[in-house]
Amino acid sequence: MVSQRWLRIIPVALIMYTISYVDRTNVSLALEPRISTMMHDLGMDAKMKGQLAGIFFFGYVLLQIPGGYWATRWGSRKIVSIFLVSWGICAVGCGLSTTFRQFEVMRFLLGVAESGVFPATLVLLANWFPRAERARANAYWNLCQPLAVAGAAPITSWMLWKYGWQKMIIIQGALPFLWLPIWWFFIRDHPREAKWISPEERNFLEQTLQQEQAALEQPGKSSLWDCCGKPYLYVMVAIYFLHNCAAYGCMTFFTSGLKGRGFSELQYGFLFAVPYAVTAIIMVLNSKHSDKTHERRGHVAAVYILSGTSLILSVLCRENFWLSYALLCLAIPGPFAAMAPFWSIPSETLPRSVMGPVCGLVNAFGNVGGFAGPFLVGWLVKEYQSTAIPFNLLGVGMLVCAGLAFLLPKSGPPACAPNATSI
């Protein structure tokens, strides 16, 4: 049975979210004084740098729950199309800013404009990929995050040198408008709506997904309010908060360790990109093994342990630049590689009617860490003129996440549709 959805749904969703991730992370390189004049032009110090990088996430919490609900009710295809237009406008607006306050406001609005995309896409993938494939589907889609950095960092560095930070942000901010028609014509919300899918694959998906949902349905009507009484929801929020503290705290201040080494602008871009290329490899391997063993919690914990331990060791070995850099290449993948099995858990333990809003709730409050991480690191760097203390704290946070992962609910075995032997 040929699985066309892996070639139609995943690549289109991956590139869509890659654009989103480029628009939110290109500021990490633009804020590096060695290769950009942005901090000088906007009159910023290290604390303001962390604040500007993190303000995005205050806006990012606002439409997470509505985004998951709207996608469940009206379909991910329509909802994401609206968000593509809105975040394109805000991304271009960031490039047009001429003061720190203007840029801060536009970054906040960019966060609002992108806030519903993540839960809406999770709903889309849950409608297309059964439990036995879900970690891989989540991982292949979330490859956009490391690939956006690994692929875009050298290009962004070159554009900063060639055009300056404002033109770079405007050009990259216009990409959503180019991808909108592709998203609209390629994506369908359910297998039954797609004309390009084979009858065998359609029947397999409909039967398997119905069986899995029937097993999760509870007596009476489930609601987000009912889920708020479950302790594991708060565990997920805590994990994802610390997760984003580490992911964005490291990303924003990663280039601080490259200063004074005589690297060119292009070398900066490649050195910034290498850890995220490693991340992509670890993400795929971790998700494949998670699907093969039908286990989620241990795969979440394992990469958090790798990340936390490597981050702390990179600080201890900071006198040896290349050893410290190699350890950072193992530290950065942890939060990203945990995402596929982590986000498989709610889709495999909750009824579809509440899965989208719950994912939005966890993503909303968890992403406050995307502000807290860069802000905390920036504040500590300003106080102590070093990333040693904040990176140690982020490493400890990763180890705490590993312990909390075992408090998450276990996923049951995948359902199998009759006569579906391969996919």
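Note that this is a predicted model, so its numbers are computed, not measured.

Conventions adopted
Residues numbered from 1 in each chain as written. Predicted model: local features only at pLDDT ≥ 70, side-chain atom pairs only at ≥ 80, totals over all residues. Heavy atoms only, no water. Axes fitted to C-alpha atoms, helices over the stretch in contact; angles between N-to-C directions. Helix = DSSP H or I, 4+ residues; strand = E, 2+ residues; numbered from the N terminus. Parallel < 35°, antiparallel > 145°, perpendicular 65-115°, else oblique. Left-handed = near helix turned anticlockwise from the far one by under 90°. Contact = heavy atoms within 4.5 Å. Nonpolar A, V, L, I, M, F, W, Y, C, P; charged D, E, K, R; others polar. Buried < 20%, exposed > 50% of the residue type's maximum accessible area, 1.4 Å probe, protein only. Polar contact = N/O pair within 3.5 Å; in protein donor to acceptor, adjacent residues only side chain to side chain. Salt bridge = Lys/Arg side-chain N within 4 Å of Asp/Glu carboxyl O. Patch = residues over 30% accessible without salt bridge, like charges linked within 9 Å, V, L, I, M, F, W, Y side chains within 5 Å. Areas by Shrake-Rupley, 256 points an atom, 1.4 Å probe, with all protein chains shown as cover. Expected span 1.5 Å × (residues − 1). Phe/Tyr/Trp six-rings, centres within 6.5 Å; stacked < 30°, edge-to-face > 60°.

Give a description of the packing of helix α5 (residues 64-74) against helix α8 (residues 117-128) that names residues and reports values.
For any two helices packed against each other, one specifies the crossing angle of their axes together with the interaxial distance. Direction vectors running N to C along α5 and α8 enclose 30 degrees, while the axes themselves pass 7 Å from each other. Relative to α8, α5 is oriented roughly parallel. Considering how the two elements wind past one another, α5 and α8 form a crossing that is right-handed. Residues Gln-64, Gly-67, Gly-68, Ala-71 and Thr-72 of α5 form the contact with α8, whose own contacting residues are Pro-119, Ala-120 and Val-123. For the contact of α5 with α8, the per-class residue count stands at four nonpolar, four polar and no charged.

Which residues make up unusual backbone geometry, and what values go with them?
Even without being glycine, His-294 reaches a positive phi, approximately 60 degrees. Following the sequence through the fold, His-294 ends up in the loop between α16 (265-293) and α17 (297-316).

Requested: an account of the side chain of Arg-5, with residues and values cited.
Its place among the elements puts Arg-5 in helix α1 (residues 5-30). Given a relative accessible area of 0%, Arg-5 falls into the buried group. Reaching out from Arg-5, the side chain makes a polar contact with the side chain of Glu-201 at a distance of 2.3 Å.

So what about the pattern of salt bridges? Which residues, and what values?
Should their charged atoms come close, side chains of opposite charge can pair. The full count for this structure, using the stated rule, is six salt bridges. Between Glu-104 and Arg-101 there is a salt bridge, with the nearest N and O atoms lying 2.2 Å from each other. Residue Glu-104 and its partner Arg-101 are both found in helix α7 (residues 100-114); the two are separated by three residues, about one turn of the helix. Linking Arg-136 and Asp-291 is a salt bridge whose minimum nitrogen-to-oxygen distance equals 2.9 Å. Highlighted residues: Arg-136 in helix α9 (residues 131-142) and Asp-291 in helix α16, separated in sequence by 155 residues. When salt bridges that share partners are traced, they join Arg-136, Asp-291, Arg-296 and Glu-348 into one network.

How would you explain the environment of Val-362 if you had to name every residue and give the values?
Within the element layout of this structure, Val-362 appears in helix α21 (residues 352-366). Looking at Val-362, the relative accessible area reads 1%, which means it is buried. Along the backbone, Val-362 and Ala-238 are 124 residues apart, and their C-alpha atoms lie at a distance of 8.8 Å. Residues within four places of Val-362 in sequence aside, it is in contact with Leu-233, Met-236, Val-237, Tyr-240, Phe-342, Trp-343 and Asn-367.

Let's hear about a nonpolar patch on the surface: which residues, and what values?
On the surface, Leu-376, Trp-379, Tyr-384, Ile-389 and Leu-393 cluster together into a nonpolar patch covering about 480 Å² of accessible area. Sorting the residues of the nonpolar patch by element identifies α22 (369-384) and α23 (388-405) as the ones contributing at least two each. It is α22 that contributes the most residues to the nonpolar patch, three residues altogether. Given the relative accessible area of 51%, Tyr-384 is considered exposed.

Describe α8, with residues and values.
Its twelve residues place the ends of α8 17 Å apart at the C-alpha level, agreeing with the 16 Å of an ideal helix rising 1.5 Å per residue. Looking at α8, one finds that the buried residues are Val-117, Phe-118, Pro-119, Ala-120, Thr-121, Leu-122, Val-123, Leu-124, Leu-125, Ala-126, Asn-127 and Trp-128.

Give me the lowdown on the packing of aromatic side chains, citing residues and values where you can.
By the definition in use, this model includes 18 aromatic pairs. Relative to Trp-141, the ring of Tyr-17 lies with its centre 5.2 Å away and its plane at 50 degrees, an arrangement referred to as tilted. Separated by 124 residues along the polypeptide, Tyr-17 in helix α1 and Trp-141 in helix α9 bring together distant segments of the chain. Each member of the pair, Tyr-17 as well as Trp-141, is classed as buried. For the pair Tyr-21 and Tyr-248, a centre-to-centre distance of 6.3 Å together with 45 degrees between the ring planes defines the contact as tilted. Here the residue Tyr-21 occupies a position in helix α1, and Tyr-248 occupies one in helix α15 (residues 231-253), the gap between them amounting to 227 residues. Each member of the pair, Tyr-21 as well as Tyr-248, is classed as buried. An aromatic cluster of at least three residues, connected via ring pairs, comprises Tyr-17, Phe-118, Trp-141, Tyr-240, Phe-342 and Trp-343.

For the environment of Asn-392, give the residues involved together with the corresponding values.
Along the chain, the position of Asn-392 falls in helix α23. Look at Asn-392 and you get partly exposed, because its relative accessible area is 25%. Spatially, the C-alpha atom of Asn-392 lies 8.7 Å from that of Leu-313, the residues being 79 residues apart in sequence.

An account of helix α20 (residues 339-349) is needed here, citing residue identities and associated values.
Counting buried positions along α20 gives eleven out of eleven residues, so the element sits mostly inside the fold. Those residues of α20 that sit buried are Met-339, Ala-340, Pro-341, Phe-342, Trp-343, Ser-344, Ile-345, Pro-346, Ser-347, Glu-348 and Thr-349.

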